[in-house]
Amino acid sequence: MDQNMFDDPRITAVGLLIEAHAGLTARFAAQFEEHGLSPVEFDVLTRLARSPGNQLRMTDLAAQTSLSTSGVTRVVDRMERDGLVCRRACPSDRRSSYAVVTTTGLTRLDEVLPGHLGIIEQWFTGQLEPAALHALLDGLRRIRDATHPGATAGSTTPPPH
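Residues numbered from 1 in each chain as written. Predicted model: local features only at pLDDT ≥ 70, side-chain atom pairs only at ≥ 80, totals over all residues. Heavy atoms only, no water.

On average, the chain scores 91 in pLDDT, and the residues at 70 or more come to 94%. Within the chain, the lowest mean pLDDT, 92, falls on helix H3 (residues 58–65), and the highest, 97, falls on helix H5 (residues 103–123). (pLDDT = per-residue confidence, 0-100. Helix = DSSP H or I, 4+ residues; strand = E, 2+ residues; numbered from the N terminus.)

Encoded structure:
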């Protein structure tokens, strides 16, 4: 095998992305644990809080988080027991339900976000000049949209009341 293949900038790009993700994930996980949340629970709360009406259909939440529908059901069950989310029936489709962040869930996010934003600033966005950050965000959105088209499922259409 040609040694120059390992110097391919495509391998370097993916390697750096994976290493950066691993470093950030470790810092985030430690901070979430201080607040009694797992990384996936924080992800669920954040996605719900950023969605119209603080809610998403369970299928859209599964698509956004890359969890299976049964995986999202288990996470929402656990979070519902902890009072962080609740379920609401979909009025237009009896087969669907919404996961809705509760006041307790929003309070927990309010407690976590200052430290989380501090980590993001220190270890991610603060490492880049504004133009570099803008270019990175643009590139990441294009990659995300190509590789994970369901990542924004249900986040722009207001749910029925």
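Before going further, it helps to spend a moment on the pattern of salt bridges. Overall, the coordinates contain nine salt bridges when judged by the stated rule. Between Arg57 and Asp60 there is a salt bridge whose closest N-O contact spans 3.2 Å. On the basis of relative accessibility, which here comes to 11%, the residue Asp60 falls in the buried class. With its nearest N and O atoms 2.7 Å apart, the salt bridge here joins Asp145 to Arg144. With a relative accessible area of 44%, Asp145 lands in the partly exposed category. You can call Arg144 partly exposed: its relative accessible area is 30%. Members of the salt-bridge network, linked through shared partners, are Asp77, Glu80 and Arg87. (Salt bridge = Lys/Arg side-chain N within 4 Å of Asp/Glu carboxyl O. Buried < 20%, exposed > 50% of the residue type's maximum accessible area, 1.4 Å probe, protein only.)

The geometry of helix H1 (residues 9–34) relative to H5 is characterised by a closest axis approach of 10 Å and an angle of 160 degrees between their N-to-C directions. In terms of their interaxial angle, H1 and H5 are classed as roughly antiparallel. The way H1 lies across H5 gives a crossing that is right-handed. Contact residues: H1 offers Leu24, Arg27, Phe28, Gln31 and Phe32, while H5 offers Val112, Gly115, His116, Ile119, Ile120 and Trp123. Considering only residue class, the contact of H1 with H5 consists of seven nonpolar, three polar and one charged. (Axes fitted to C-alpha atoms, helices over the stretch in contact; angles between N-to-C directions. Parallel < 35°, antiparallel > 145°, perpendicular 65-115°, else oblique. Left-handed = near helix turned anticlockwise from the far one by under 90°. Contact = heavy atoms within 4.5 Å. Nonpolar A, V, L, I, M, F, W, Y, C, P; charged D, E, K, R; others polar.)

What follows concerns the packing of aromatic side chains. With the rule as written, the count across this model stands at two aromatic pairs. Between Phe32 and Phe42 the ring centres are 4.3 Å apart and the planes differ by 20 degrees, which places this aromatic pair in the stacked class. Of this pair, Phe32 sits in helix H1 while Phe42 sits in helix H2 (residues 39–49), and the two are ten residues apart along the sequence. Owing to a relative accessible area of 3%, Phe32 belongs among the buried residues under this scheme. Classification of Phe42 by relative accessible area gives buried; the value is 7%. Put simply, the rings of Phe28, Phe32 and Phe42 touch in pairs and so form one group of aromatic residues. (Phe/Tyr/Trp six-rings, centres within 6.5 Å; stacked < 30°, edge-to-face > 60°.)

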